[in-house]
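So the chains spell out like this:
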Amino acid sequence: MPAQSTAPAILDGCRVLDLTDESGVFCTKVLAGLGADVIRIEPPGGHPMRRRAPFYGGQPDPEKSLYWFNFNFNKRGITLDIAAPEGRDILKRLAQGADFLVECFPPGYLDSLGLGYQHLSAGAPRLILTSITPFGQTGPHSRYKASDLTLCAMGGLAYVIGDEDTPPAWTNSEVAYHQAGAQAAVGTMMAHYYRELTGEGQHVDVSAQECVMVAMKPVDLNFKVDGQVPVRRWYTSVFPGAPYLSPIFKARDGWVVGAPSYWPGRDRVRDWLNSEGLGEELFQPSWDGFLLRGEEGSPEQQRRLNELFAALCAKHTVAELVEPGQSRGVHIGPVNSARELAADPHLAARGFLRAVEHPELGGALRYPGAPFQLSETPWRVERRAPLPGEHNREVYAGELGLSAEALASLEQRGVI
Amino acid sequence: MGSHRDVLEGVRVVDFCWAGVGPMTTRHLADFGAEVIKVESMTRVEVCRRAGPHRSAPPDQDSSTQFGNYNSNKLSVSINVKHPEGVELIKRLLRVADVVTDSFSGGVMERLGLGYPQLRQIKPDIIAASLSLMGQSGPHSEYRGHGHILQAMGGLNQLTGWPERQPFAPALAFTDYWVPQLWATAIVGALAHRQKTGQGQFLDCAGLEGAIHATGTAILEFTANGTVRARSGHRHPGYAPHGIYRCRGQDAWCAIAVASDEEWQSFCRALGNPPWTQDERFATCGGRAENAAELDSRITAWTQERSAPDAMRLLQQAGVAAGVAQTVRDLHDDPQLKHRGHFWEWPDPDFRKFTFEGPAFQLSKTPARLRRPSPKLGEHNSYVFLEVLGLADAEYADFIAQGVIN
């Protein structure tokens, strides 16, 4: 395969069989970015993920799902019915030559096909099988169905997001699925390092519910110490000063996020307010402990500082607040959407967005690039996501050595 | 376990990380057996040691539960880096290190004489990971902030909550719990690469760039179509119904997500096929989405009659994705989490109220373990300086007398 970069990648020469769905696909996206040869295995007819909105140009088309593009670029793609007897044999053969298999089937499904860890590892002791499921491989809820929304609920996150007068809220970006895939990547790389040392593979069992719970740490700590069961807007009830931790402020043309009561830095906020003719009262001695010595301050002081900061923000545009605030050493930033991020000069200077050619669309699309910059083994951005069965011939004929007739016959019977 | 070594046994990490996001990254390394030596200072105490809630009153520098969680399984040394000998001592430690991590703003490690070029001279195959808000280069590399700022800058708040209300935080500081997953992956990957090739490297980990990976499709949606994804409440283009519904009891809720028309039929059966479910407007996913408000009020009439766990069980028995919006107390009673051993317990009487959550992933041969609670400040000075570095007793005493080790 032609590579854009000649630099080595961490997973150069490693083969990943990708049997994930939405709930774990971020894991194989990371492995592909680290340089693995990820073979996306789809059922004949294409993976259901191809039907996920949004679509390029807005019109539903299984070859134009931006959701599919985002999670599957850098991968090759084959079709295979792994439930068909011949399909099972082909998957076993592929697994013999693979380093990783990542899957999201309900617990027990691969076992029922004779493709569980014990079956696959018998002929391939180096294989790492990573299983990403809602609740883990065993246990009373292991057969429960889930979605990103129900995982956010079961992991405790939903209950604390939103306002007191609304139902628990949701993030329109599938944070539970992202967390599951990312933490699966941590576990998979741990297993990979161990294999580099010992030659031994193993089974990595990821619970998406537990992945969601990582973001519950602060809630959980308060519960353990004080027995508090926080609700939405929970930080206002748990930390007296916390309404002021990360509030969103209305600027003239959008929103900023600011932390005027972040310590250290309250004196810088006072100076900034003062330069705009605001907060003369903050120079009274009663404020010194809070503003200059990092004392907690009274709720009234915290509320007032916030109010003054809101008045400052209301006078200016986002651009007039962020750069000047940051140059004063105040914790402040824009509340960005994709539009601002795509035009962000800092990200542009770091070359974050990367063009990926889509010949079928007549041009290139810009994707988020490296999530971290590695000096010797750069993150790979190489090729668009595969079309259905795009690499069937390459893999089945070129690598497994199937004859043209065998291939045609498998195609005809719907196995590939 | 038993016959297997820990994954990162023998890997030594010199850890300058402070606050939350850096320490959570290196906790992954410590949980899987790395010897993570946290370099601290008595004169400028790690901010997280002051962060509540504390397990004892009055609080002290060893009582923070946040610090306790983020730094379990680690060791602590206290060195005065302002003292010229302090930096020299750190350099000696780096000679026997595999990984060095920091979460300072750009330039701080360089000013200490510990930038990557210098580190490489000390230890040619060192893996140096700088974990920062904006990265080491670019016009905003000096920006200050923390997780609350970062999640908004990364685009998450704009996607959280209700279209008619202001953007909302998707947790207290979601990115604090997200980017460590990416960064730990990168560090372990770099270790694997070094194992294979002998080559170390420098990792420039920018929180902003990691944060954006949690909203990747929304970015592509804009760069490809020019459309800006917005907060959608509970609406999801692939599911209907899709919501969190009020149940019987105080502030009790159950999330329900129906992915297909087939699942819709299962959903209707679970409800006993009441006449309203036969309404043809609800027969297809598109129709249910178009009439979501009415659908949601019908469903709420059903959920309100039931406790959230009962609603979940009835729907799960029919094969429908449903889940209680669990409170933190519910999590501690969750039978699945108990079965998985999610919460680690430490038997030390000082920690009687304290458990640590283990990793959300289990490795069949080499699971993570809790070896020790978080260190007291400087707790491992004598181990690290006498045993790891092999200082003579007199030399060690001299460093203490000079205030180099404090």
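Residues numbered from 1 in each chain as written. Chains lettered and ligands numbered in written order. Predicted model: local features only at pLDDT ≥ 70, side-chain atom pairs only at ≥ 80, totals over all residues. Heavy atoms only, no water.

Student: Go over the overall build of chain A, please, and point to the residues and values.
Tutor: Looking only at helices and strands, chain A has 18 helices and twelve strands in total. Taking the principal axes of the C-alpha coordinates as reference, chain A spans close to 90 × 50 × 45 Å. Considering chain A as a whole, with its 416 residues, one finds that 62% of them fall into the buried category. Across chain A, contacts joining residues at least 24 apart in sequence account for 68% of those joining residues at least 6 apart. For chain A, the accessible area works out to roughly 14200 Å², and carbon and sulfur atoms hold 51% of it. Charged side chains of chain A number 39 positive and 49 negative; the gap between the two group centres comes to 2 Å. (Helix = DSSP H or I, 4+ residues; strand = E, 2+ residues; numbered from the N terminus. Buried < 20%, exposed > 50% of the residue type's maximum accessible area, 1.4 Å probe, protein only. Contact = heavy atoms within 4.5 Å. Areas by Shrake-Rupley, 256 points an atom, 1.4 Å probe, with all protein chains shown as cover. Lys, Arg positive; Asp, Glu negative; His and termini not counted. Charge placed at Lys NZ, Arg CZ, Asp CG, Glu CD.)

Student: Outline the pattern of salt bridges, listing residues and values.
Tutor: When the charged atoms of two side chains lie near each other, side chains of opposite charge can form a pair. Using the criterion set out here, one finds 51 salt bridges over all chains in the structure. Across the pair E394 of chain A and R76 of chain A runs a salt bridge whose closest N-O atoms are separated by 2.6 Å. Within this pair, whereas E394 of chain A is found in helix 17 (residues 392-399), its partner R76 of chain A is found in strand 3 (residues 76-79), the two being separated by 318 residues in sequence. Overall, E394 of chain A belongs to the partly exposed group, its relative accessible area being 38%. Residue classification places R76 of chain A among the buried residues on the basis of a relative accessible area of 3%. Put simply, E35 of chain B and R12 of chain B hold a salt bridge, and the shortest N to O gap is 2.7 Å. Remark: R12 of chain B occurs in strand 1 (residues 12-15) and E35 of chain B occurs in strand 2 (residues 35-40); sequence separation between them is 23 residues. With relative accessibility at 18%, the residue E35 of chain B sits in the buried group. (Salt bridge = Lys/Arg side-chain N within 4 Å of Asp/Glu carboxyl O.)

Student: Describe in detail the packing of helix 1 (residues 21-31) of chain B against helix 7 (residues 174-197) of chain B, supporting the description with residues and values.
Tutor: Residues and elements named next belong to chain B. For the pair helix 1 and helix 7, interaxial distance at closest approach is 8 Å and the crossing angle is 45 degrees. Regarding the angle of helix 1 to helix 7, the classification is oblique. Like other packed secondary-structure pairs, helix 1 and helix 7 cross with a definite hand, here right-handed. Across from V21, M24, T25, H28 and L29 in helix 1, the residues of helix 7 making contact are T175, D176, Y177, V179, P180, Q181, W183, A184, I187 and V188. A per-class count over the contact of helix 1 with helix 7 returns ten nonpolar, four polar and one charged. (Axes fitted to C-alpha atoms, helices over the stretch in contact; angles between N-to-C directions. Parallel < 35°, antiparallel > 145°, perpendicular 65-115°, else oblique. Left-handed = near helix turned anticlockwise from the far one by under 90°. Nonpolar A, V, L, I, M, F, W, Y, C, P; charged D, E, K, R; others polar.)

Student: Describe in detail the environment of A224 of chain B, supporting the description with residues and values.
Tutor: By the element assignment, A224 of chain B lies in helix 9 (residues 216-225). Overall, A224 of chain B belongs to the buried group, its relative accessible area being 19%. Not counting residues up to four positions away in its chain, the partners in contact with A224 of chain B are Y56, L66 and L365 of chain A.

Student: Help me get a handle on the interface of chain A and chain B, residues and values and all.
Tutor: Chain A puts 150 residues into the contact, and the matching count from chain B is 147 residues. When residues of chain A are sorted by the area they lose upon contact with chain B, M190, Y193 and H346 of chain A head the list and together hold 6% of the total. Where chain A meets chain B, there are ten salt bridges. Our count for the contact surface shared by chain A and chain B stands at 66 residue pairs in polar contact (both at pLDDT 80 or more). (Buried area = accessible area lost by both parts, 1.4 Å probe. Polar contact = N/O pair within 3.5 Å; in protein donor to acceptor, adjacent residues only side chain to side chain.)

Student: Help me get a handle on the sheet that holds strand 12 (residues 373-374) of chain A, residues and values and all.
Tutor: Strand order in this open sheet of seven strands is 12(A)-6(B)-5(B)-4(B)-1(B)-2(B)-3(B), and the pairing throughout is mixed. Whereas interior strands pair on both sides, the edge strands pair on one side only; in this sheet they are strand 12 of chain A together with strand 3 (75-78) of chain B. As paired elements, strand 12 of chain A and strand 6 (residues 201-206) of chain B share two bridges and run antiparallel to each other. Bridge assignment links Q373 of chain A to a residue of strand 6 of chain B, and that residue is D204 of chain B. Across the sheet, helix 7 of chain B is in contact with strand 12 of chain A together with strand 4 (99-102), strand 5 (127-132) and strand 6 of chain B; its angle to strand 6 of chain B comes to roughly 170 degrees. (Pairing = 2+ DSSP bridges.)

Student: With reference to specific residues and values, describe the domain arrangement of chain B.
Tutor: Taken domain by domain, chain B consists of domain 1 (12-214 + 339-402) and domain 2 (242-246 + 252-326). Here domain 1 of chain B and domain 2 of chain B have C-alpha centroids that lie 44 Å from each other. (Domains from an automatic or database assignment.)

Student: Report on the sheet that holds strand 7 (residues 248-251) of chain A, specifying residues and quantitative values.
Tutor: Residue and element names in this part refer to chain A. With respect to topology, three strands assemble into an open sheet ordered 7-8-9, the strand pairing being antiparallel. Each edge of the open sheet is held by one strand with a lone partner, namely strand 7 and strand 9 (332-334). Averaged over all neighbouring strand pairs, the angle between strand axes comes to 35 degrees, with direction disregarded. Looking at chain direction, strand 8 (residues 254-258) and strand 9 are connected through three bridges and run antiparallel. For V257, the partnering residue across the bridge sits in strand 9 and is G333.

Student: Please provide a residue-by-residue account of the pairing of strand 5 (residues 128-133) of chain A, values included.
Tutor: All names here are of chain A. Among the six residues in strand 5, six count as buried, and that is most of the element. By the alternation rule, side chains of strand 5 split into I128, T130 and I132 and L129, S131 and T133, which are all buried. Bridge analysis of strand 4 (residues 100-103) against strand 5 gives four bridges, and the strand direction is parallel. For L101, the partnering residue across the bridge sits in strand 5 and is L129. In this structure, strand 5 lies alongside strand 6 (residues 203-207), joined through five bridges in parallel fashion.

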